[in-house]
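A structural walkthrough
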Amino acid sequence: MTLATAPTSRRAQTDAPLIDPLGARWSPRAFDPAAEVDRELVRTVLEAARWAPSAGNSQPWRFIVARRGTDVFAAVHDALSGWNRAWAGSAALLIVNLAEVVDPDGHPRRWAMYDLGQAVAHLTVQAQHEGLHTHQMGGFDGPRLREAFGLDPRFEVMSITAIGVVGDADALPEPLREREVAPRRRKALEELVLIGE
Ligand SMILES: Cc1cc2nc3c(=O)[nH]c(=O)nc-3n(C[C@H](O)[C@H](O)[C@H](O)COP(=O)(O)O)c2cc1C
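The structure reproduced in this document is the subject of the present report. (Residues numbered from 1 in each chain as written. Predicted model: local features only at pLDDT ≥ 70, side-chain atom pairs only at ≥ 80, totals over all residues. Heavy atoms only, no water.)

**Some points on the pattern of salt bridges**
Rules: The salt bridge criterion pairs a side-chain nitrogen of Lys or Arg with a carboxyl oxygen of Asp or Glu, the two atoms within 4 Å. Burial here depends on accessible area, computed with a 1.4 Å probe over protein chains only, as a share of the maximum for the residue type. Under 20% is buried, over 50% is exposed, and the range in between is partly exposed.
Taken as a whole, this structure holds 8 salt bridges when the rule is applied. A salt bridge links Asp20 to Arg11, with the shortest nitrogen-to-oxygen separation between them at 2.8 Å. Judged by relative accessible area, Asp20 falls into the partly exposed class, the value being 48%. On the basis of relative accessibility, which here comes to 32%, the residue Arg11 falls in the partly exposed class. For Arg177, the salt bridge goes to Glu174, with nearest N and O atoms at 2.6 Å. Residue class for Glu174 comes out partly exposed when judged on its relative accessible area of 44%. Here the residues in one salt-bridge network are Arg62, Glu100, Arg109, Asp152 and Arg154, joined through shared partners.

**What to know about the sheet that holds strand β1 (residues 61-67)**
This is how it is decided: A pair of strands counts as paired when DSSP detects no fewer than two bridges linking them. Each helix is a run of H or I in the DSSP string that is no shorter than four residues. Each strand is a run of E no shorter than two, and both are numbered from the N terminus. In this analysis an axis means a line fitted to C-alpha atoms, helices contributing only their contacting stretch, and an angle means the value between N-to-C directions, from 0 to 180 degrees. Contacts were defined at the residue level, with two residues in contact if any of their heavy atoms lie within 4.5 Å.
Reading across the sheet, the 4 strands line up as β1-β2-β4-β3 and stay open at both edges, with antiparallel pairing between neighbours. The open sheet has two edge strands with one neighbour each: β1 and β3 (133-137). When strand polarity is set aside, the average angle formed by the axes of neighbouring strands in this sheet is 25°. The pairing of β1 with strand β2 (residues 93-100) spans 7 bridges and is antiparallel. Paired with Val65 across the strands is Ile95, a residue of β2. Contacts between helix α2 (residues 39-50) and the sheet are confined to β1 and β2, with β1 contributing the most and set at about 160° to the helix. Strands β1, β2 and β4 (155-164) of the sheet are contacted by helix α3 (residues 71-78), whose axis makes an angle of about 110° with β1.

**A short note on the site of the ligand**
We count it as follows: Note on definitions. A residue lies near a molecule or strand when any single heavy atom of the residue is within 4 Å of it. Two N or O atoms form a polar contact when they lie within 3.5 Å of each other; inside protein one atom must be a possible hydrogen donor and the other a possible acceptor, and for residues adjacent in sequence the pair counts only when both atoms belong to side chains. Here the open area of atoms and residues is found with the Shrake-Rupley method and a 1.4 Å probe, where only the protein chains shown may cover a residue.
For the ligand, the set of nearby residues contains 13 residues, the closest of which are Ser27, His135, Gly138, Arg184 and Arg186. In this structure, an oxygen atom belonging to the ligand sits 2.7 Å away from a side-chain N or O atom of Arg186. Taking 620 Å² as the accessible area of the ligand by itself, protein coverage stands at 59%. Contributions of two or more residues to the shell around the ligand are made by α4 (82-88) and β3.

Shown next, in the form of C-alpha cells:
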C-alpha cells in the first residue's frame, strides 16, 4: 500500500487539542485509483468497529466489504447516487454499513443505529491512524442494495464508507474538485453545549 499524507490545509482547525487521527481525519472524494488496502489492514479497521461499545453489548453492526475490481464492489458502486458514483469508484474499498434493527426473536433493537454509527466512527479513526482516509455516504439506493445482496429485512442499510488512499483533487470533475479544497467548517463549541460549561 502507498501511504499519502493529507495536505495540512485539510487538518481540523481545532479550538482544543485532539489526538492525531481525529485532527487529521477528513472525507476526501479524490482517492488514488491505483492504491490497494491489504487484507490485514482490512481486518484491523473492522476490528476497531468490532470493539466499539453497544447497548447491552448487542453488537448490531454488520458489514458488506467490497474490494475495488470485484463484482461485489461493482454492485455497491452501481447503487450509489449520481455524484457519489462519480468519485467513489476510485476508493480501494466500499463498505456497506448495516444495523440489525430487529433481533432474531423479532424484538426491535432501540439503539442499533446509534451503535452502528459508533462502530463506524471507530473504524474511521483506526483507518486514519493506518494512513488511510474514509468518506461515509448516505446517498445510495437502499432497496437496490437490499435486492442485490438478498438482505434480511432485520437489517437496515444505513450508509456506505469509501476507504482508500487520498488522491489528486485535480482529477475530480467540477464542482467536486472545488469542494475538495474548500475550507472546512464547524459550529462553535459554545453552540453545541446547550447547558453547562
Ligand atoms: C451519515 C453520513 C452521510 C453522508 N453522505 C454523504 C454523501 O452521500 N456524499 C458525500 O459526498 N458525502 C457524504 N457525507 C460526508 C459529509 O458530507 C462530511 O462528513 C461532512 O461534510 C464533514 O466533512 P469532513 O468529514 O471532511 O469533516 C456523509 C457523512 C455522513 C456521516
